[in-house]
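# A closer look at the structure
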Amino acid sequence: MSDAMKNTAIVKSGLKKRYLKEKIFKSAGIVSIAIAFMFLLVLLTDVITKAIPAFTQTQLTLTVTLDAEDLELNQESSIEDIMAADFRQPIREALRARFDGVTKRNDKKQLYSLVSIGAEYQLRDLVLADPALIGQSITVDFIADDDVDAVIKNAIDRSLPESDRRVKDLKLSWIESMEASGEISTAFNWLFFSAGDSREPELAGIKGAILGSFYTLLVTLALSFPVAVAAAIYLEEFAPKNRFIDFIEININNLAAVPSIVFGLLGLAVFINFFSMPRSAPLIGGIVLSLMTLPTIIIASRSAIKAVPPSLREAALGLGASKMQTVFHHVLPAALPGILTGTIIGMAQALGETAPLLMIGMVAFIVDIPQSIGDPSTVLPIQVFLWADAPERGFLEKTSAAILVLLVFLISMNAIAIKLRKKFEKKW
Amino acid sequence: MKKFKLTAALALLSAGSVWAAGRDYISIVGSSTVYPFSTVVAERFGKSTTFKTPKIESTGTGGGMKLFCKGVGVDSPDITNASRRIKETELTMCHENGVKDVVEVLIGFDGIVMANDIKSHDFALTRKDIFLALAKQIPAEKDGELKANPYTMWNEINPSLPAIKIEVLGPPPTSGTRDAFVELAMEGGCKKFDWIKDLKKSDKSAYKSLCHTIREDGAYIEAGENDNLIIQKLQKNPNALGIFGFSFLDQNADLVKAATVDAAEPEFESIASGEYPVSRPLYFYVKKAHVSQIPGMAEFLKEFTSKKAMGDEGYLTDKGLIPLDEDKFNQVVKDSKELNPMSF
């Protein structure tokens, strides 16, 4: 038997074992992916099923009479007069007219609490928009109280004994009566996307947090992108190779691993205490988060620049381009997809960050929608945190809905990053 | 890109000018226990007036005091919420930093409850039971001697309690609820031993460490600051008791039921009258110097101290605040109207 034949025999005898090893490795990979996928699925189904009720809102249809005398208003009333008028009365009258014979003080209180406290402002805004309504009878879909909402959405079990139920029999009978006559309807909850925070679950919206996140990220991007790209270009293309530059490199890599709360403390000490900038503003939030995203973008940009083949640089230099021209006309455009991907991932990280913002006062109850980067505001993940801590049951669904909105933003940002990479990626 | 840079620059400029011009909204910091009440008033105030809605940060009582006492001026908060009375040292710190006149407003009371799953056993506890169940060390047979807490079952402490394992879910040491619970329930039970009561006079720090130290052998489980989470966990584990604020019991009366403490049910009336022993006062503190500086301060104070808000049928009681009795209420309204500064 020749040597070659012998080798073949050895290979053949070990073949089975090698195939087996490959199979085990492959199946281990599949199992781990399956586990990760399963966790993701559990998380998403949990969040989505809890969040769905938040996107609808129960409404009560009532016909209210805007009596000019009772409201002390007329067609020519000024905005201040309308603001000061008591719009609770017409709603209360409408409720009393709907359910006769409620006389006891406590029962009346129960009756009035069928509609949200936001209902009076709803009515006021209608009158502000059209003062001609004064003196007329109008039919309005009022926002229902969160307890009514919970009953309609079956979050409160109607079959429980009265003592264990948050909504008592009397109130439940009113709700069921209105339900039977079609005066209770559910509609898409536009308010959730157009209002700021509120202590009433039925009035709470996420617009303030979305805009807060937007302004914060705007500041972060405006600060960190130019600085990080400039730093990456300098370190990759211009910096001499010496100890000092090595030291800086090590520090940038370390900075990427610093816990984010440390940046919050820095922000508190430097920007708020030393420069006395305003607390809770997206301006400071943005500055603090840009410190955090800087190293991420620098590292991503450097590896993107490094991946540009040297032949490109040599060709440009050979044709007489200066170093600066070479970098900005040839290297940078070729590296841009990688840089942008890194930037978007850094931004997505900043969007989900809460810890550093704790320190600079962005964990706050803010109802007014921020108009600029100097206004007090909060951000999406902090809104999730605040709602998760609220005692009212209605906030449970709002919390999940806010998580969902945050996830949608994160997923779309990551999708854009992938799309950009796919689109501009060049094979060398 | 150019356009974007321009807008970014403009935005920065406008922000700068806003912050130089001062502040046109009220800034409130402080206790996370008062936060749910303070926010309700702020929201209504913002909606029903032309002033901006106050900004409320939940920093904890101690953190709020630090920020509040930093000085006078638009970059420091106007009001701080507290789930305990301001300490003398804190007031001195305020004075040293130029915050001369501080107005104290007592808004009401908050009860702390121990509750379990609604389908589970009924608990009738005394503060002594609570202390014996949760303290790290308890008195041994002889006066003045201590032993490590040996109890694992409730009925070992008191035969009338159910025969289930001692398992209590409660807040971590950073929480104000925990401070109050330890002070009111644990210390309250601890004092029932005569020799320990005497110890308070002779060695205060030993007394405190004995009465305030919670066991660490797994019977007390730190469940985080989030009270909703504790309620969820109670439903999964019917044998466990949870510690949280009265407003959470009020909102979740269909899921959990509270243990009685010293034969008093944690209810509205019993907490207000002081019959239920584990309750604490809630305050907020106002910088007098800011009332004329920040638009809307006087009106906000008026809204907060109105009958409509913190009266015994006000909207804050719907959120679980235990209101003041009439005399105290009238006093508070008078003091806050006249802005009478407090002192010790």
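These notes cover the structure that comes with them. Residues take numbers from 1 onward in each chain, read along the sequence in its written order. Chain labels run from A onward and ligand labels from 1 onward, assigned in the order the entries are written. Only residues with pLDDT of 70 or above have their local features reported here, since the model is predicted, and side-chain atom pairs are shown and tallied only from 80 upward, although totals for entire chains, interfaces and linings are computed over all residues.

### Examining the overall build of chain A
Put simply, the rule is: Counting from the N terminus, the helices are DSSP H or I runs at least four residues long and the strands are E runs at least two residues long. Here the radius of gyration uses the C-alpha set of atoms, whereas the globule reference equals 2.2 Å times the residue count to the power 0.38. Put plainly, a residue is buried at 20 or more neighbouring C-beta atoms within 10 Å of its own, exposed at 12 or fewer, and partly exposed in between, counting only other residues' C-beta atoms, which are placed from the backbone. Think of it this way: build a C-beta for each residue from its backbone, and any pair within 7 Å is a contact.
Along chain A, the regular secondary structure elements total 18 helices and four strands. For a compact globule of 428 residues, the expected C-alpha radius of gyration is about 22 Å, and chain A comes in at 31 Å, more than 25% above that figure. Classification of the 428 residues of chain A by burial places 38% in the buried group. Partitioning the contacts of chain A with sequence separation of at least 6, the portion at a separation of at least 24 is 78%.

### Looking at the environment of Pro172(B)
Residue and element names in this part refer to chain B. Checked against the element boundaries, Pro172 lands in the loop between β8 (168-170) and α7 (176-190). Put simply, Pro172 and Leu199 are 27 residues apart on the chain and 27 Å apart in space, counted from C-alpha to C-alpha. Apart from the residues within four sequence positions on either side, Pro172 is in contact with Arg178, Glu222, Gly224 and Glu225.

### Examining the environment of Val256(B)
All names here are of chain B. Relative to the helices and strands, Val256 resides in strand β11 (residues 256-258). A residue is classified by how many C-beta atoms lie within 10 Å of it, and Val256, with 21 of them, is buried. C-alpha of Val256 to C-alpha of Ala289: the two residues are 33 residues apart in sequence and 45 Å apart in space. Look past the residues within four positions of Val256 in its chain and what remains in contact with it is Ala115, Asn116, Asp117, Ile118, Ile231, Leu234 and Leu249.

### Focus on the pairing of strand β10 (residues 241-245) of chain B
Residues and elements named next belong to chain B. Condition: By definition, two strands form a pair when at least two bridges between them are found by DSSP.
The element β10 is largely enclosed, with a buried count of five among its five residues. Sheet analysis places strand β4 (residues 102-117) next to β10, joined by four bridges and oriented antiparallel. Its bridge partner being in β10, Val113 is matched across the sheet by Phe244.

### Describing unusual backbone geometry
Despite not being glycine, Asn154(A) shows a phi value in the positive range, around 60 degrees. Along the chain, the position of Asn154(A) falls in the loop between α7 (146-152) and α8 (169-180). Under the C-beta neighbour-count criterion, Asn154(A) is labelled exposed, with 9 such atoms within 10 Å. Non-glycine residue Ala263(B) carries a positive phi angle of around 70 degrees. Along the chain, the position of Ala263(B) falls in the loop between β12 (260-261) and α12 (268-273). Judged by C-beta crowding, with 11 C-beta atoms within 10 Å, Ala263(B) ranks as exposed.

### What about the nonpolar core?
Condition: For our purposes the nonpolar core covers buried Ala, Val, Leu, Ile, Met, Phe, Trp, Tyr and Cys residues that link as a set through C-beta atoms within 7 Å.
Of all hydrophobic cores here, the largest spans 154 residues; its most connected members are Leu380(A), Ala402(A), Met186(B), Phe284(B) and Tyr285(B). Beyond its immediate stretch of four places on either side in the chain, Leu380(A) contacts Ala209(A), Ile210(A), Ser213(A), Leu351(A), Ala402(A), Val405(A) and Leu406(A). Leu66(A), Leu73(A), Trp174(A) and Met178(A) belong to the second-largest nonpolar core, a separate cluster that totals 29 residues.

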